Amino acid sequence: MENEETMDEKKKLKVSAIRNGTVIDRIPANELFHVIEILGLTNGDFQMTFGTNLESKVLGKKAIIKISDKFFEEDDVNRIALVAPDAKLNIIRDYAVVEKRQVSIPSEIHGLARCLNPRCVTNHEPVETRFTTRMSPNGLYLRCHYCEKETSGKNLQIISKNKS
Amino acid sequence: MKSLISINDFNKEEMLQVLDLASAYEANPNQPLFRDKVIACIFFEPSTRTRLSFETAANRLGARVIGFSSLSSTSVTKGESLKDTLKMVSNYADMIVIRHSLDGAARFASEIAGCPVINAGDGANQHPTQTLLDMYSIRKTQGTLDNLSITMVGDLKYGRTVHSLLQAMSHFNPRFTFISCPELGIPQEYKDFLNERGIRYEEKQVLEGGFEQADILYMTRVQQERFQDPMEYERVKDLLSLNASMLNGTKPNLRILHPLPRVKEIAIDVDERPEAYYFDQARNGVYTRMGIITYLMNQ
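Once a new chain begins, its residue numbering starts again from 1 and follows that chain's sequence as written. Written order determines the labels here, with chains lettered from A and ligands numbered from 1. For this predicted model, a pLDDT threshold of at least 70 governs which residues receive local features, and a threshold of 80 or more governs which side-chain atom pairs are given and counted, while totals over whole chains, interfaces and linings are taken from all residues.

*Asks:* Would you mind showing me how to read the interface of chain B and chain A here?
*Replies:* Note on interface size: it is often stated as the accessible area lost on association of the parts. The interface is formed by 16 residues belonging to chain B together with 16 residues belonging to chain A. Listing elements by their share of the side of chain B that touches chain A, those giving two or more residues are helix H3 (82-92), helix H4 (105-112) and helix H7 (188-196) of chain B. The leading source of residues in the side of chain B that touches chain A is H4(B), at three residues. Tallied by class, residues from the side of chain B that touches chain A come to five nonpolar, six polar and five charged. Once C-beta atoms are placed from the backbone, any two residues with those atoms within 7 Å are in contact. We count a stretch as a helix when DSSP gives it H or I for four or more residues in a row; a strand needs E for two or more, and each element gets its number in order from the N terminus. Amino acid classes used here: Ala, Val, Leu, Ile, Met, Phe, Trp, Tyr, Cys and Pro are nonpolar; Asp, Glu, Lys and Arg are charged; the rest, including Gly, are polar.

This is the structure we're talking about:
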């Protein structure tokens, strides 16, 4: 019995456990680095481990991030829904999951993505981009607050949070 | 404080209020209501009709007009940012009328200026005062804005006046026919917009009459620079051109509108027809802009 548990643990823990912090699961494998960038995790002094190309029934290949002693505001974490709409957050305290959260696409996005219209004022003047989101049968669309052009979520170009 | 940047900034009641003001000004054009006001008309790119009609509107309302009509006479040539130029102008004026070549520049301006801003055209994006004058012309010629059959012809992909008019008229249960080549067809997002509101429309690729039921024929210019192949432009241009013989059998109330400048999409023989309304339409611009200035000044 004890052996079976140990085997299960090993199967689960391809990325080491954390004591306190946030685990972000169900990230599409090819979006891992976008998620890290969107959350501004490239310039922190916290411990972070991640695994990618892990098997997933839902996504095929998924990625997972574990960040020690880091907890996110809902608005901040919802920004990743644009590239990882199925992402799940587990909030960990003392090695136990104390809260589970599902991300949702925000109705407005500030300073996260670039407007793909080369004639948009946001690509010429120092102004933060703003978009409203719209779900259609063809997927997610972002409408620029300034030039009013729509960009498909599939063509999204992320602006790093640290640089914005 | 309210600005007019996109036609969506006005709801149905606000549009109708502006049109009512415009009607009153057409009856009595000289109304010096804003003698104590300064209006800045800042045109970062050239314009004839829009600038002159705004300046005429401001003058007929008694306001004093400052501004510039090209980039070359401004500090932008010294490298001044749009933001700094706008901050400075809004210190001098009670209202700003702006035209700029960048999409979204007018919205940006309204967020910086401490006074109402009117968008007189921002790149390929919006030209809401043109839309309101189109609506004024439609109501004046048809007696109503409701339940009209509107045929739009030409560059329906890039034509900003087409998109804005379509959005504005969606409040009035219209029926649209779009006539254009596949390269310049109405974009999917506007079809989605109409579908969501249950507004009927059909699409055609050749202008060959067939608008017997139309109340309004809204013509637009097909711009050569939209085509990579000049031969393709020549072919399409002819398929989307209107001549007088196509008007036989149409309804007596049919009127032809065009935001101007016209090139060859309307043959000269149409000008003498009673349906031709495009030059009167341009005159309506002054009254409509007087209505817009008044409405925004009073907010």
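*Asks:* Can you help me understand the packing of helix H1 (residues 12-27) of chain B against helix H9 (residues 278-297) of chain B in this one?
*Replies:* Describing two packed helices takes the angle between their axes plus the distance from one axis to the other. Residue and element names in this part refer to chain B. Between H1 and H9, the shortest axis-to-axis distance is 7 Å and the interhelical angle comes to 125°. When the interaxial angle is binned, H1 and H9 end up oblique. Crossing hand, H1 versus H9: right-handed. On H9, the residues touching Gln-17, Val-18, Leu-19, Leu-21, Ala-22, Tyr-25 and Glu-26 of H1 are Tyr-287, Thr-288, Met-290, Gly-291, Ile-292, Thr-294 and Tyr-295. Split into classes, the residues belonging to the contact of H1 with H9 amount to nine nonpolar, four polar and one charged. Think of each axis as a best-fit line through the C-alpha atoms, taken over the contacting stretch in the case of a helix, with angles from 0 to 180 degrees between the N-to-C directions. Here the angle decides the label: under 35 degrees means roughly parallel, over 145 means roughly antiparallel, 65 to 115 means roughly perpendicular, and every other value means oblique. Should the near helix be turned counterclockwise from the far one by less than a right angle, the crossing is left-handed, whereas a clockwise turn marks it as right-handed.

*Asks:* Explain the domain arrangement of chain A here, please?
*Replies:* Note that the domain bounds reflect an automated or database-derived domain assignment. Once the domains are mapped, chain A shows domain 1 (2-102) and domain 2 (108-155). One C-alpha centre belongs to domain 1 of chain A, the other to domain 2 of chain A; they are set 28 Å apart.

*Asks:* Can you help me understand the sheet that holds strand E6 (residues 108-110) of chain A in this one?
*Replies:* Two modes of strand pairing occur in sheets, parallel and antiparallel, and in both the strands are linked by backbone hydrogen bonds. Residue and element names in this part refer to chain A. By this definition, two strands are paired if DSSP reports at least two bridges between them. Here four strands make up an open sheet; going across it, the order is E6-E7-E8-E9 and the pairing antiparallel. In this open sheet, the two edge strands, each paired with only one partner strand, are E6 and strand E9 (150-152). Across the sheet, the axes of successive neighbouring strands diverge by a mean angle of 30°, strand direction being ignored. Pairing of strand E8 (residues 139-144) with E9 involves three bridges; the strand directions are antiparallel. Paired with Arg-143 across the bridge in E9 is Glu-150.

*Asks:* What exactly am I supposed to notice about the environment of Asn53(A) here?
*Replies:* Relative to the helices and strands, Asn53(A) resides in strand E2 (residues 48-56). Those residues within four positions of Asn53(A) in sequence are excluded, and the remaining contacts are Ala29(A) and Lys61(A).

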